[in-house]
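Close look at the chain arrangement
Single-letter residue listing:
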Amino acid sequence: MDEKRIASMDVLRIVLTIFVITLHFNNSMGGRAFIYTTNINYELALIFESFSLCAVNVFLILSGYFLCNRKDRDIIKIILLMGMTMGYGVFFYLIKNILTHSVTIGGIVRSLIPINYFVWLYCGVYVISPWINKMINNLRKKDFERLIVVLFIMFSLWPTVVDFYTSVSGTTIAEISFISANDNEAGYTIVQFIFAYCLGAYLKKYKLNFQKKFCFTGYVISFAVIYIFLHFSKSVMNYNNIFVILSAVFLTAYFQKIEIVSSQIINILAAQAFAVYIIHTKLYEVWSAIPLKDLLNKNLMVTFIVYVVSIMMMYIVSVCIAIIFSKLLSPVKKIIKKRVNLTYRIE
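Keep in mind it's a predicted model, so treat the numbers as computed, not measured.

**What about helix 3 (residues 39–52)?**
Between the first and last C-alpha of helix 3 there are 21 Å, a value that for 14 residues agrees with the 20 Å anticipated at 1.5 Å per step. With respect to burial, helix 3 is a largely interior element, ten of its 14 residues being buried.

In structure tokens form, the structure reads like this:
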């Protein structure tokens, strides 16, 4: 892949990180915008939600895109990702509790537990991905497309239909899912992550024969449909929903087709995407310190400005912390990678 193409995907990673922060600004654990907004301001919240929902799927699509032709994996990467999650957990626990003298051994131990679904599922896909690669790289294009269609029907189309029906009707139907005995788990499964990985591998091997304007339009239409259906059912927010997946594919394809000149700023910010994802979840108190309940119920323009400022403020603070820690820990990472070899290769 050429330099410009890599730069476009790096910019996409930065955009996705901001999308994730947007999703968390809306939810009840973060900025609580869905709770605080009403009327036209709530519609704005739904719009922000709609165009951001593709973020997790695109991250996994990018993994498939860049890893599908590689046969080797390094367990050190898994250890460092888990270590990062644990390290930030205990760091922010100490920062929040040391001044109030409420630090406990039990609290430190709990903060060291890497509780993050994305980290675990991503690591799982990373470990088994060489075997996935071996399978898809031995498939003809037509057979790979058939596989994508089967995965789409089993793990997206059917779950979308079932989840929408149960949500609208207020009923619960168990044991009619290809994913688990209970339900489709809203796409928070390794099944969905593997599906997205395969989509990324397909985009790398066989680019979509669409113009970039078509891809961007497809993304806009997909999130517009999400916005409309959000008025009837929140199941459209599931990561395995048809339109969430389509928006992810179209957005990735769009960035695949555009050319962006690489720069040091882009490289630095993109490299911190994962760290920012972890860090910002530890900084929800930043939003709590802002009178969002009042500000998000002003006129539409004020609400829009509050959205943008709150999200970008969280991103800037998080990325600054990530860069500082990256610089401080860089020598340690280099020593570990140099002295510890835990790679494996699947031919």
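From this point, the narrative continues.
**Concerning the pattern of salt bridges**
With the rule as written, the count across this model stands at six salt bridges. Between Arg140 and Asp143 there is a salt bridge, and its shortest N-O distance comes to 3.0 Å. Taking the relative accessible area as the measure of exposure, Arg140 reaches 55% and is therefore exposed. Residue Asp143 is joined to Arg146 by a salt bridge in which the shortest nitrogen-to-oxygen separation is 3.3 Å. Here the residue Asp143 and the residue Arg146 both occupy positions in helix 8 (residues 141–169), the gap between them amounting to three residues, near one helical turn.

**Considering the nonpolar core**
A general tendency of soluble globular proteins is for nonpolar side chains to be buried together. In terms of nonpolar packing, the biggest core is built from 100 residues, with Leu16, Phe118 and Tyr307 touching the most fellow members. At eleven residues, the largest contribution of residues to this core is made by helix 1 (residues 3–26). Ignoring any residue separated from it by four or fewer positions in sequence, one finds Phe118 in contact with Val56, Phe59, Leu60, Phe193, Phe274 and Tyr277.

**What to know about the state of the cysteines**
Counting across every chain of the model gives zero disulfides. Here Cys54 is not disulfide-linked; the sulfur of Cys215 is the nearest cysteine sulfur, at 13 Å. By relative accessible area, which is 0% here, Cys54 ends up buried.

Conventions and cut-offs
- Residues numbered from 1 in each chain as written.
- Predicted model: local features only at pLDDT ≥ 70, side-chain atom pairs only at ≥ 80, totals over all residues.
- Heavy atoms only, no water.
- Helix = DSSP H or I, 4+ residues; strand = E, 2+ residues; numbered from the N terminus.
- Expected span 1.5 Å × (residues − 1).
- Buried < 20%, exposed > 50% of the residue type's maximum accessible area, 1.4 Å probe, protein only.
- Salt bridge = Lys/Arg side-chain N within 4 Å of Asp/Glu carboxyl O.
- Core = buried A, V, L, I, M, F, W, Y, C linked by side-chain atoms within 4.5 Å.
- Contact = heavy atoms within 4.5 Å.
- Disulfide = S-S within 2.5 Å.

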